[in-house]
Amino acid sequence: MTLIRRSFLLLLIICLGCVAQSTSPDLARKIERQVRSYYKIPPDVHLLVGMPVPSSDFPNYENVVVTIDNGGKKQDLTFAVSKDHSSMMRLIKFDLSKDPFAETMSKIDTSGRPTRGAKASKVVVVNFDDFECPYCSRMHQTLFPEVLKEYGDRVTFVYKDYPLVEIHPWATHAAVDANCLAAQNSDAYWDFADYIHANQREVSNEKAPAARSDALDRLTMLQGQKHNLDVVKLQSCIKAQDESGVKASMKEAEGIGVEATPTLFINGQKIDGAVPISEVRAALDQALKDANLPVPVHTAVASAPASK
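Just so it is clear, the structure is predicted and the values come from calculations on it, not from any experiment.

Caption draft 1: Just a nonpolar patch on the surface, in detail. Judged by side-chain polarity, Ile92, Phe94 and Leu96 come together as a nonpolar surface patch covering roughly 420 Å² of accessible area. Looking at the secondary structure, you find Phe94 in the loop between strand E5 (88–90) and helix H3 (100–106).

Have a look at this one:
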């Protein structure tokens, strides 16, 4: 009998502990309203407020995880809630033993990609590009020739593919054709990239999808002939239209937060959009300083914004 009583008391204590650790409906509602208001989360997105746990960072606070579920895409946000339930703050902990830029660069595979500028610099610029994107055209003409003139002897430039297939119907085909050239000759790839970014309308003005593809293939073959490539091999590659490499690049890009083009990573530091050349230059200068490499002297002409 004594054993039964002790077991009952132990079970009661455990249950009371569980109740104490659960989030009350009133507190959960308050937390949800604050999160929805601050992060502008619409009503159709589901929020789940987790149970509070003791905070190891702040006395008199408990940590509460709020899960944002948007059609299966989940994101967890951790908040510190005072034990008297009068205040809440966002808890973000940074690991200072890790370099976030270096971690980003470690997730980008540049092996086998054509390069411009310095062959093996400590400073690498990776541009996720879309051949049909007008903003990519603007960024391309900022990088080449403007930025290349200043930094080409100390910075390595690499392009990777991120065609926005929903709005740019011929961008993937252009990326595949460009990679067919890259498989044989880096200069052929870059000449193709220069031409397409400067003459996007030449392809877009073709009315039918098949005509646009033919135009791209024709321009690709012209570059192949210009650079004395193996024509039969190039034709076979163009005809196959193997998109696996492009899709792998897109998956990699999404894994590091690329959502639009152009997106640059300068030694891991992300730059979104066709930003002014001054912003690109500032990031490059800082990367060079961090790598203990000399920063170029900027002339008045080079500091002017690039134009289309």
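On we go from here.
Caption draft 2: Representation of the packing of aromatic side chains in the model. A full pass over the atoms with the stated rule returns nine aromatic pairs. With centroids separated by 5.0 Å and ring planes inclined at 80 degrees, the aromatic side chains of Tyr38 and Tyr39 adopt a geometry described as edge-to-face. A relative accessible area of 31% means that Tyr39 is categorised as partly exposed. Between Tyr189 and Trp190 the ring centres are 5.2 Å apart and the planes differ by 85 degrees, which places this aromatic pair in the edge-to-face class. Overall, the relative accessible area of 2% leaves Trp190 in the buried class. Over the ring of Phe144 we find Arg116; its NZ or CZ atom is 4.6 Å from the centre of that ring.

Caption draft 3: Representation of the side chain of Asp130 within the structure. Position of Asp130 among the secondary structure elements: in the loop between strand E7 (124–129) and helix H4 (134–151). Arg212 provides the closest opposite charge to the buried, unpaired Asp130, separated from it by 12 Å. Of note is the side chain of Asp130, whose polar atom sits 2.8 Å from the side chain of His168. Ignoring sequence-local partners within four residues, the contact set of Asp130 consists of Cys136, Tyr162, Pro163, Leu164, His168, Ala171, His197 and Thr261.

Caption draft 4: Expanded view of the state of the cysteines. Scanning the model with the defined rule gives one disulfide in all. Two residues share a disulfide in this structure: Cys180 and Cys237, whose sulfurs sit 2.1 Å from each other. Torsion about the S-S bond of the Cys180 and Cys237 cystine: about -85 degrees, corresponding to left-handed handedness. Pair noted here: Cys180 is in helix H5 (residues 171–182) and Cys237 is in helix H9 (residues 231–240), with a separation of 57 residues, a long-range link. Looking at Cys237, the relative accessible area reads 30%, which means it is partly exposed. There is no disulfide at Cys136, and the cysteine sulfur nearest it, in Cys133, is 3.2 Å away. Classification of Cys136 by relative accessible area gives buried; the value is 0%.

Caption draft 5: Up close: a negative patch on the surface. Taken together, the side chains of Asp95, Asp99, Glu103 and Asp290 make up a negatively charged region of the molecular surface. Here Asp99 is to be found in the loop between E5 and H3. Take Asp99: its relative accessible area is 42%, and that puts it in the partly exposed class.

Caption draft 6: Quick peek at the sheet that holds E7. One open sheet accounts for five strands, arranged E6-E8-E7-E9-E10; its pairing is mixed. Strands with a single pairing partner mark the edges of an open sheet, and in this sheet they are strand E6 (115–117) and strand E10 (269–272). Direction aside, neighbouring strands of the sheet carry axes that sit 25 degrees apart on average. Judged from the six bridges that link them, E7 and strand E8 (residues 156–161) form a sheet pairing that is parallel. Within E8, the position partnered with Asp129 by the bridge is Asp161. Along the sheet, H4 contacts E6, E7, E8 and strand E9 (263–266); its crossing angle with E8, the most-contacted strand, is approximately 165 degrees. Sitting on the sheet, helix H10 (residues 244–255) is in contact with E7 and E8, with an inclination near 105 degrees to E8.

Caption draft 7: The arrangement of the pattern of salt bridges in detail. Using the criterion set out here, one finds 10 salt bridges in the structure. Ionic pairing is found between Asp26 and Lys30, a salt bridge with its closest N-O pair at 3.5 Å. Remark: Lys30 and Asp26 occur in helix H2 (residues 25–39); sequence separation between them is four residues, near one turn of the helix. Residue Lys30 is classed as partly exposed on the basis of its relative accessible area of 44%. Notably, a salt bridge pairs Lys226 with Asp191, separated by 3.1 Å at the nearest N-O pair. Of the two residues, Lys226 is situated in helix H8 (residues 209–226) and Asp191 in helix H6 (residues 186–198); the sequence distance between them amounts to 35 residues.

Criteria and cut-off values
Residues numbered from 1 in each chain as written. Predicted model: local features only at pLDDT ≥ 70, side-chain atom pairs only at ≥ 80, totals over all residues. Heavy atoms only, no water. Patch = residues over 30% accessible without salt bridge, like charges linked within 9 Å, V, L, I, M, F, W, Y side chains within 5 Å. Areas by Shrake-Rupley, 256 points an atom, 1.4 Å probe, with all protein chains shown as cover. Salt bridge = Lys/Arg side-chain N within 4 Å of Asp/Glu carboxyl O. Helix = DSSP H or I, 4+ residues; strand = E, 2+ residues; numbered from the N terminus. Phe/Tyr/Trp six-rings, centres within 6.5 Å; stacked < 30°, edge-to-face > 60°. Buried < 20%, exposed > 50% of the residue type's maximum accessible area, 1.4 Å probe, protein only. Lys NZ or Arg CZ within 6 Å of the ring centre and 35° of its normal. Lys, Arg positive; Asp, Glu negative; His and termini not counted. Polar contact = N/O pair within 3.5 Å; in protein donor to acceptor, adjacent residues only side chain to side chain. Contact = heavy atoms within 4.5 Å. Disulfide = S-S within 2.5 Å. Charge placed at Lys NZ, Arg CZ, Asp CG, Glu CD. Pairing = 2+ DSSP bridges. Axes fitted to C-alpha atoms, helices over the stretch in contact; angles between N-to-C directions.

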